Structures are given as structure tokens and as C-alpha cells.
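Report on the structure
Here is how the chains run, residue by residue.
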Amino acid sequence: MSSKEKPTLGGTRIKTRKRNIAAPLDPAAFSDAVVLIYLDNAGDLELVAKSIESSDLNFSRYGDIFFEVVFIGGRTQTGSVKSDEGERHPYSIIDCEPKREAILPSVVYIQKILRRRPFLIKNLENVTRRFLQSLELFEENERKKLAIFTALAFSQKLSGLPVETVFQPLLKDNLVAKGIVLSFVTDFFNEYLVENSLDDLIAILRRGKMEDKLLDFLPPTKRTTESFAEHFTKAGLSALVEYNEKKIFEVKLKEIKAVLTSQVTEEINVDEVIETVKQQVKDAKLPEIEVVRVIWDGIMDAVQWSGKNQQQNANAVLRQVKTWAPLLNTFCSSGKMEMELMYKVQMQCYEDAKLMKVFPEVVRSLYELDVLAEDTILHWYRKGSNPKGRQTFVKGLEPFVNWLEEAEEEE
């Protein structure tokens with residue numbers, strides 16, 4: 001046999017690049033197919049869910065269209081919430097009665113679909129946001145159905161639907177100005193509270209970053225605490241009104257405290273600070289008892305603490321008390337207010353370990369600066385009702401009280 005190599009064909013092999021051939025988009029056919037499933041099963045959502053589960057429809061591509069069919073019975077026209085040409089079914093959420101028992105099965109149905117196809121949650125979010133941003137295009141009765149559905153979705157903890165998807169799109173200026181948003185959230189609140197507590201509702205509002213912005217749901221011309229209270233009281237939501245008033249009150253207190261702490265830290269003239277606090281209290285309509293509490297907090301928040309050095313901390317507190325005694329004196333205008341200040345000092349010294357031993361010195365300083373009267377101190381000593389640290393503080397204050405009583409006997 002010959003040892004010569006056999007001849008081979010020479011040349012370069014040309015590699016052809018394979019192209020991804022995209023299937024043509026056909027949203028109309030997808031919509032019609034889903035509608036047909038509804039019609040074939042006469043709107044029985046249990047059977048519809050089973051048929052959807054066994055179908056080979058391209059949900060990953062047409063997820064938004066699927067939820068359009070669920071909500072309004074067919075594919076929407078571009079820039080509208082009305083059905084496009086093509087098949088439509090009469091079993092959508094919009095076609096239901098505006099009652100929870102009629103709409104709840106649709107929520108349960110969607111939950112089943114999402115468990116099998118969790119990627120569809122983004123599509124539900126997209127469609128929900130789009131419809132809420134277009135509420136003015138729906139009839140009033142249809143908006144009520146959407147509000148009930150949304151409330152039930154959160155009440156039933158519909159898989160993964162973000163709260164901000166609901167509340168943020170609602171705050172479009174034109175929707176708010178027309179009162180559409182106020183009507184929607186009123187229906188939403190009432191429906192949600194059927195099976196949930198006010199605390200649950202507040203938790204949802206907090207997640208949606210609306211807890212402190214409830215007045216934003218009202219049209220600008222009616223955006224007052226009084227209008228809020230009137231509307232939601234008539235709607236049977238007096239608990240929400242009380243919560244909002246409390247929240248507004250807390251915000252006002254924080255604002256006053258922040259301004260006061262800033263002025264104290266900057267060592268603004270005492271008389272100027274007194275006038276500022278007076279004006280803030282007048283504008284906020286705060287009760288005297290809260291004013292005394294917030295003034296003490298503001299003064300103490302401005303103290304420059306010195307780590308664990310007890311004596312330096314005690315000296316810092318006493319200097320602060322001496323400097324701002326005129327401010328305290330201005331608002332401790334009665335025995336009741338003086339007693340409230342005593343309790344406030346007691347609580348701070350109890351809660352802050354570095355101040356436990358300072359209580360007697362602070363009380364004595366407040367007495368010498370004419371902020372606390374002798375009768376107030378003796379009443380607290382003999383009949384004080386706050387038990388927090390009382391035994392320790394009474395013992396620490398005993399020498400000073402004995403001195404007061406002896407001075408009283410001599411007189």
C-alpha cells in the first residue's frame with residue numbers, strides 16, 4: 001500500500017450566521033382565544049382557570065392583554081379603556097355587580113393564575129396602574145367596581161401586587177381635582193375595612209407612602225382638615241378621621257419641637273424663642289399640656305451630652321434648665337402645667353440611665369428658678385401617680401422635701 005496521503009478538498013468553509021426568526025405579533029388572536037375560553041365555559045371561573053392552565057397560549061408575550069380581557073372582557077383600544085374590535089365576553093370584572101360577593105371570585109381566580117404563572121404579576125401591575133391613571137374614562141359605577149376589586153386584592157393578599165401601584169397613579173392632578181380620586185379611595189377604604197382593621201389599612205397606606213398625605217386625596221379647593229373630617233365622617237369612616245387628626249397633631253408637635261431645638265442649639269435670645277413658640281402654638285391650636293411636654297423635649301434634645309461622664313451630663317442639664325427657665329415659666333402657668341412638667345422630667349430621668357441621679361437636682365433648680373412651686377413638688381412627693389422610677393426619685397428628693405417642710409413650719 002502507498003504511504004502517500006490521500007488528496008483532500010481544499011478551501012475555506014463559510015459559516016452562515018443563523019438569525020432568530022421572531023414569530024409575528026398577533027395580540028388580536030391571543031385576545032380572541034382567551035375570550036373564547038370564557039365563552040366556552042360560560043364564565044365559570046373554576047373551569048376557565050383549568051382551561052387557561054392547560055392552554056399553550058403565549059402568556060409571557062401577551063400578559064397585559066390577558067388582564068385586559070379579565071378586567072373589561074376584551075382587548076382595549078389604544079389610548080382607551082374601551083374594548084377593541086374583536087371577540088368580547090360578558091364575565092369581566094367591569095360587567096359584575098358592584099358588590100364584593102360578585103367581584104371576589106375574580107380575585108380568587110387571578111390568584112390561581114398567578115400561582116401557576118407568577119411572572120404575570122408584572123402584567124397585572126401594568127394594567128392596574130394604567131386603568132387607575134385613566135379612571136376618568138370609566139363610568140362612575142365601573143370605578144366603584146375597580147375600587148372594590150383593588151380593596152379585595154389587598155384584603156386577600158393577592159400575590160405580590162405592590163401597594164404603590166394603587167396609590168401613586170391616583171395622584172394625577174386632573175383626577176384629584178375632579179373628585180374622582182376621593183370617591184375611589186372612599187369606596188376602597190370602606191370595602192377594605194369590612195374584613196380588616198384600621199391598623200391594617202394604615203399599614204397599607206404606609207407602604208404606599210400615603211400615611212402622612214391623606215389630604216392629598218382631596219381636591220385642592222377642599223384640602224382642609226375640616227373637609228376631610230366632613231367627607232369621611234359622612235362615609236362612615238370616623239375612625240379614619242380620628243387617626244388623621246392625631247397624625248396631623250403629631251406632625252405639628254414634631255415641627256414645633258424641631259424649630260425649638262434648633263433655636264435652643266443656636267442660642268437664640270430667650271424672648272425671641274418665647275414669641276416663636278407662642279405663635280406656633282396659636283397656629284397649631286395645641287393644648288397647654290402638650291406644649292409643656294414638647295418644650296421640655298426641645299430643650300433637652302439640644303443638650304450636648306458627654307458620653308458616660310455622669311457629672312458633666314448633670315451639669316449640662318442644669319445649665320440648660322437655668323438658661324431656658326424663662327421659656328418653661330411662660331408656659332407652666334398653672335399648678336396643672338407644673339405637675340405635667342414634673343412628670344415629664346420624671347419620665348426622662350427614668351428612661352435615660354445617665355439622668356437617673358439628676359432628678360432631685362433638676363427639681364430643685366426648677367424650684368429656685370420659680371418654674372415649679374413648692375405646692376407642686378410636695379403634691380408630687382406625697383401623691384404622685386406615675387410609678388416609673390418613683391421609689392428611687394422620692395428617696396432622692398427626700399432631703400429637699402424635708403427642707404421645704406421645715407421652712408413651711410417655720411413660717
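Residues numbered from 1 in each chain as written. Predicted model: local features only at pLDDT ≥ 70, side-chain atom pairs only at ≥ 80, totals over all residues. Heavy atoms only, no water.

Now for the layout of surface pockets. Its boundaries defined by the atoms lining it, the largest pocket holds a volume of some 420 Å³. Contributions of two or more residues to the lining of the largest pocket are made by helix 11 (225-234), helix 12 (238-265) and helix 13 (270-284). The element that contributes the greatest number of residues to the lining of the largest pocket is helix 12, accounting for seven residues. Partitioning the lining of the largest pocket into residue classes produces eight nonpolar, two polar and ten charged. Two domains share the lining of the largest pocket, each providing at least three of its residues, namely domain 1 (27-238) and domain 2 (246-409). Estimates place the volume of the second largest pocket at around 250 Å³. Contributions of two or more residues to the lining of the second largest pocket are made by helix 12 and helix 15 (310-323). Among the elements that make up the lining of the second largest pocket, the one with the highest residue count is helix 15 (four residues). A per-class count over the lining of the second largest pocket returns six nonpolar, four polar and two charged. (1 Å grid on protein atoms, 1.4 Å probe; cavity = no way out; pocket = protein on both sides within 12 Å on 5 of 7 lines; lining within 4 Å. Points joined across faces, edges and corners; volume = space filled by probe spheres on them. Helix = DSSP H or I, 4+ residues; strand = E, 2+ residues; numbered from the N terminus. Nonpolar A, V, L, I, M, F, W, Y, C, P; charged D, E, K, R; others polar. Domains from an automatic or database assignment.)

The subject of this paragraph is the domain arrangement of the chain. By domain assignment, the chain separates into domain 1 (27-238) and domain 2 (246-409). If you average the C-alpha positions of domain 1 and of domain 2, the two centres end up 52 Å apart.

Defined simply, a disulfide is a covalent bond joining two cysteines at their sulfur atoms. Scanning the entire structure with this criterion turns up zero disulfides. Cysteine C349 remains unbridged, with the sulfur of C332 as its closest cysteine sulfur at 15 Å. On the accessibility criterion, C349 (4% relative accessible area) is buried. (Disulfide = S-S within 2.5 Å. Buried < 20%, exposed > 50% of the residue type's maximum accessible area, 1.4 Å probe, protein only.)

Another aspect to go through is the pattern of salt bridges. Within the structure shown, the criterion is met by 22 salt bridges. Here K247 and D212 are joined by a salt bridge, their closest N and O atoms 3.7 Å apart. Of this pair, K247 sits in helix 12 while D212 sits in the loop between helix 10 (198-207) and helix 11; the two residues are 35 residues apart in sequence, bridging distant segments of the chain. In this structure D212 comes out as exposed when scored by relative accessible area, which is 54%. Residues K278 and E275 are paired through a salt bridge, measuring 4.0 Å at the closest nitrogen-oxygen approach. Of this pair, K278 and E275 both sit in helix 13, three residues apart, which is roughly one turn of that helix. Here K278 falls in the partly exposed class, since its relative accessible area comes to 39%. (Salt bridge = Lys/Arg side-chain N within 4 Å of Asp/Glu carboxyl O.)

Moving on to helix 2 (residues 45-54). Among the residues making up helix 2, those that are buried are L45, V48, A49 and I52. The arc that holds the buried residues of helix 2, viewed along the axis, is 100°, so those residues lie on one side. Turned more than 90 degrees away from the buried face of helix 2 sit K50 and S54, all of them exposed. Lining the buried residues of helix 2 we find helix 1 (27-40), helix 3 (59-72) and helix 4 (100-116). (Arc of directions from axis to C-beta. Contact = heavy atoms within 4.5 Å.)

Looking now at the packing of aromatic side chains. Under the counting rule described, the total for this entry stands at 20 aromatic pairs. Between Y38 and Y109, the ring centres sit 6.1 Å apart and the planes meet at 75°, which makes this aromatic pair edge-to-face. Of the two residues, Y38 sits in helix 1 while Y109 sits in helix 4, which places them 71 residues apart along the sequence. With respect to class, Y38 is no different from Y109; both count as buried. Taken together, a centroid distance of 5.2 Å and an interplanar angle of 45° make the contact between F359 and W380 tilted. Here F359 is found in helix 18 (residues 359-368), whereas its partner W380 is found in helix 19 (residues 374-383), with 21 residues between them in sequence. For F359, a relative accessible area of 0% gives the class buried. Members of the aromatic cluster, each reached through a chain of ring pairs, are F154, F167, F188, F189, Y192, F217, F228 and F232. The ring centre of W305 lies 4.7 Å from the NZ or CZ of K354, which sits over that ring. (Phe/Tyr/Trp six-rings, centres within 6.5 Å; stacked < 30°, edge-to-face > 60°. Lys NZ or Arg CZ within 6 Å of the ring centre and 35° of its normal.)

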